[in-house]
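# Fold and geometry: a report
Spelled out from the first residue to the last, the chains are:
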Amino acid sequence: MIHELLLALSGYPGTIFTWNKRTGLQVSQDLPFLHPSETSVLNRLCKLGSDYIRFTEFIEQHTGHVHQQEHHTNQPNQTGLHGIHLRAFCTGLDSMLQPYRQALLDLEQEFLGDPHLTISHVNYKLDQFQLLFPSVIVVVETIKSQKIHGCQILETVYKHSCGGLPPVRMALEKILAVCHGVMYKQLAAWMLHGLLLDQSEEFFIKQGPSAGGAAANQDEEEEDLGLGGLSGKQLRELQDLRLIEEENMLAPSLQQFSLRTEMLPSYIPIRVAEKILFVGESVQMFENHNHSPSRAGSILKHQEDAFAAELHRLKQQPLFSLVDFENVIDGIRSTVAEHLWTLMVEEADLLEQLKIVKDFYLLGRGELYQVFIDLAQQMLKAPPTAVTEHDVNVAFQQAAHKVLLDDDNLLPLLHLTVDYQGKDAKEASGPRDGATPPQDSSPREAPPTGWAALGLAYKVQWPLHILFTPAVLEKYNVVFRYLLSVRRVQSQLQHCWALQMQRKHLKSSQSDAVKWRLRNHMVFLIDNLQYYLQVDVLESQFTQLLQQINSTRDFESIRLAHDHFLSNLLAQSFILLKPVFHCLSEILELCQSFCSLVGQSVAPLDERGAAQQLDLLVKGFRRQSSLLFKILSSVRNHQINSDLAQLLLRLDYNKYYTQAGGTLGGV
């Protein structure tokens, strides 16, 4: 019977010890020579055998490495579980069972040497597994029932290893170490070669944009990133200000990767995973591009072997150490980030590129756009057509020549775009090289004027495309259109002043006084808005950006600083604050309507219709200026309030605005 018992405990039941799928191994009930106490001890041992059979079934089902008897080998794969992490778990589980198998072999040797040994001796020898097997079977059943997949297996094993039973903890830690071997291989492929070896979607990095992901821990959200007191949470909020659908703008050649946070084990913080993501993306960009390899060199500075050895050392450690792990990741990230910094700042001359962006997208070359506005004023008044874009670019080139901007290397990289009705259909039938086909084929509303459809395209040179992505350039375009509309209105109001000077010798009427007072108040508001945008926002933020770039040798810090800069432009120019932006847009439209009225009126305003139109403009401007004053004075949010207060300071520096009751345009 002892040999029957040992065979049953090895996974081979017979007539004395029977196997039932529901109840497991049990001693047969119709054995008259067994005392009830012996039956109790044997059933206790049978529980070990039941767990062992379930372990081997699970291993055989998912790896096929263990040879067992036919009664439980041909089980269909009903769980749908698969993947290399599961195979690694099975390998670790199999190694955990090796001491149990050895104990059975030792017992067999002992019984062959001494036939008088009893069942109690078997019970004594196998007692060490009575705590271990039930705890580990819980892990196996959890994986099966919840269909746990990929790196989530690491999390499950880790949580169950954090118990107070030393044998269970040590066994699960050994299984976890085997599972970590797979993770380290994926890490090495991703971080050292830019390869995402993840056919079954098990890794915590995936190709494609993020689906939102899980929220980071509170302490990480509030972690100061050293960017003017900007916390991680605030930065994510700023970066999530999507003015456009970024996915539709990404060129097909640009592969995007993101974190699959549901696969990230809890003992690896989000901040470490983001460093891993950054390194792999950067390495992959270099591997795919092969741009002047002799000049750029290896992004890892030919330290791949050293970093691979470090990852292998971590893999050999019996216990996972976050400190050691993060130190190795930080070392690789620092090397990549410093190399990218050198490539960006020194070789690609990032500061000069930022100056170009400032000059053209943020109207730093004011004289150029002043001439361009004069040249393109008439052609962009009407709704755009198929030839408008060509005419506008001719005007832009002429404006550049007039202000002596004849940089043959720069001007070909810049191109004004005009989005007219029917353009999408035309591009969909035959897109230009490098252009992204439109994702949305639904018809869009035709822009009312060419100015509303105007944009600026810039051919970003490698490797600056990882900083100036299509989504980033589109945000610059939003700021560009807004700044250009303010500059255009300012120019038109100045032209109205020139008309006034030409007509000052003519006899004036009451409506003339109203008209020129209104122009004066409009100029007052627009000039101060323009000064606020160019000096308090653009120059201030651009200076801070340059200081942050010059104070670091880390590319990630540059990218964060640039994102912060762009987000601040959008926020402080009130593009994102809808009430203020809408109010300012209404004021700009009123100013344009006024300039059109003045330009049409060659004679003094004595016509009834013109007088009524002027009266409507006065009332509209008074209403909007009053609304603007109330908004600027009432917002209590600290950050927004500081921006509004600065604009209010510009508009009300001499308290005229206040004394007028917060209303401009009146008597």
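Residues numbered from 1 in each chain as written. Predicted model: local features only at pLDDT ≥ 70, side-chain atom pairs only at ≥ 80, totals over all residues. Heavy atoms only, no water.

### Some words on the overall build of the chain
Assigned secondary structure in the chain consists of 25 helices and 8 strands. In the chain, which comprises 667 residues, the proportion classed as buried is 49%. Accessible surface for the chain amounts to roughly 32700 Å². Of this, 52% is attributable to carbon and sulfur atoms. (Helix = DSSP H or I, 4+ residues; strand = E, 2+ residues; numbered from the N terminus. Buried < 20%, exposed > 50% of the residue type's maximum accessible area, 1.4 Å probe, protein only. Areas by Shrake-Rupley, 256 points an atom, 1.4 Å probe, with all protein chains shown as cover.)

### Things to note about helix α5 (residues 129-146)
Taking 1.5 Å of rise per residue, 18 residues should cover 26 Å, and α5 covers 26 Å from first to last C-alpha, within 8% of that figure. For α5, every residue scored as buried is listed here: Phe 129, Gln 130, Leu 132, Phe 133, Val 136, Ile 137, Val 139, Val 140, Thr 142 and Ile 143. Lys 147 occupies a position one or two residues after α5 and carries a positive phi of about 50°. (Expected span 1.5 Å × (residues − 1).)

### A short note on the pairing of strand β8 (residues 454-458)
Counting buried residues in β8 gives 4 out of 5 residues, a clear majority hidden from the surface. By the bridge criterion, 5 bridges tie strand β7 (residues 414-418) to β8 in an arrangement that is antiparallel. Within β8, the residue paired with His 415 across the bridge is Ala 457. (Pairing = 2+ DSSP bridges.)

### Re the pattern of salt bridges
Taken as a whole and judged by the stated rule, the model has 16 salt bridges. Arg 44 is paired through a salt bridge with Asp 127; the nearest N and O atoms lie 3.2 Å apart. Highlighted residues: Arg 44 in helix α2 (residues 36-62) and Asp 127 in the loop between α4 (119-125) and α5, separated in sequence by 83 residues. Across the pair Glu 155 and Lys 159 runs a salt bridge, and its minimum N-O distance is 3.6 Å. Taken as a pair, Glu 155 and Lys 159 lie in helix α6 (residues 152-161) at a separation of 4 residues, close to a single helical turn. (Salt bridge = Lys/Arg side-chain N within 4 Å of Asp/Glu carboxyl O.)

### A closer look at the confidence of the model for the chain
Mean pLDDT over the chain works out to 75, with 74% of the residues at or above the 70 mark. Taken as a whole, residues 291-297 scores under 50 in pLDDT and shows 9 contacts with residues more than four places along the chain or in a different chain. pLDDT under 50 marks residues 427-443. Its contacts with residues more than four places away, or in other chains, come to 8 contacts. (pLDDT = per-residue confidence, 0-100. Contact = heavy atoms within 4.5 Å.)

### What to know about the packing of aromatic side chains
Following the criterion strictly, the structure yields 21 aromatic pairs and no others. Here Tyr 158 and Tyr 267 contribute two aromatic rings whose centre-to-centre distance is 4.6 Å and whose plane-to-plane angle is 50°, an arrangement assigned as tilted. Placement of the pair is Tyr 158 in helix α6 and Tyr 267 in the loop between β6 (257-259) and α11 (270-289), with a sequence separation of 109 residues. A network of ring pairs unites the aromatic residues Tyr 361, Tyr 369, Phe 372, Phe 396, Tyr 476 and Phe 480 as a single cluster. (Phe/Tyr/Trp six-rings, centres within 6.5 Å; stacked < 30°, edge-to-face > 60°.)

### Quick word on unusual backbone geometry
Positive phi outside glycine occurs at Lys 147, with the angle close to 50°. Note on placement: Lys 147 falls in the loop between α5 and α6. Its identity as a non-glycine residue notwithstanding, Leu 363 has a phi of 60°, on the positive side. As for its position among the elements, Leu 363 is in the loop between α15 (350-360) and α16 (366-376).

### Focus: the packing of helix α7 (residues 166-193) against helix α13 (residues 304-316)
Following both chains from N to C, one finds α7 and α13 inclined at 165°, their axes separated by 10 Å at the closest point. Our classification of the angle between α7 and α13 gives roughly antiparallel. The handedness of the crossing between α7 and α13 comes out as right-handed. Residues Gly 181, Tyr 184, Lys 185, Ala 188 and Leu 192 of α7 form the contact with α13, whose participating residues are Glu 304, Phe 307, Ala 308, Leu 311, Leu 314 and Lys 315. Of the residues that constitute the contact of α7 with α13, the class distribution is 7 nonpolar, 1 polar and 3 charged. (Axes fitted to C-alpha atoms, helices over the stretch in contact; angles between N-to-C directions. Parallel < 35°, antiparallel > 145°, perpendicular 65-115°, else oblique. Left-handed = near helix turned anticlockwise from the far one by under 90°. Nonpolar A, V, L, I, M, F, W, Y, C, P; charged D, E, K, R; others polar.)

### A few points about the nonpolar core
Phe 89, Leu 126, Phe 204, Phe 372 and Tyr 476 are the most contacted members of the largest nonpolar core, which has 183 residues in total. The contact partners of Phe 89, leaving out residues within four places of it in the chain, are Phe 58, Val 139, Val 140, Ile 143, Ile 153, Val 157, Ile 175 and Cys 179. (Core = buried A, V, L, I, M, F, W, Y, C linked by side-chain atoms within 4.5 Å.)

### A look at α7
Compared with an ideal rise of 1.5 Å per residue, which puts 28 residues at 40 Å, α7 spans 39 Å between its outermost C-alpha atoms and is within 8% of the ideal. Within two residues after α7, Gly 194 carries a phi angle of roughly 70°, on the positive side.

### Brief notes about the packing of α16 against helix α17 (residues 388-402)
Their axes nearest at 9 Å, the elements α16 and α17 cross at an angle of 135°. Here α16 lies oblique to α17, going by the angle between them. The crossing of α16 and α17 is right-handed. Facing Leu 368, Tyr 369, Val 371, Phe 372 and Leu 375 of α16, the residues of α17 in contact are Val 392, Ala 395, Phe 396, Gln 398, Ala 399, Ala 400 and Lys 402.

### Considering the environment of Trp 341
Relative to the elements of secondary structure, Trp 341 occurs in helix α14 (residues 322-347). Its relative accessible area of 7% is what places Trp 341 among the buried residues. Sequence-wise, Trp 341 and Glu 556 are 215 residues apart; in three dimensions their C-alpha atoms are separated by 8.5 Å. Contact partners of Trp 341, with chain neighbours within four places excluded, come to Glu 346, Ile 549, Thr 552, Arg 553, Asp 554, Phe 555 and Ile 558.

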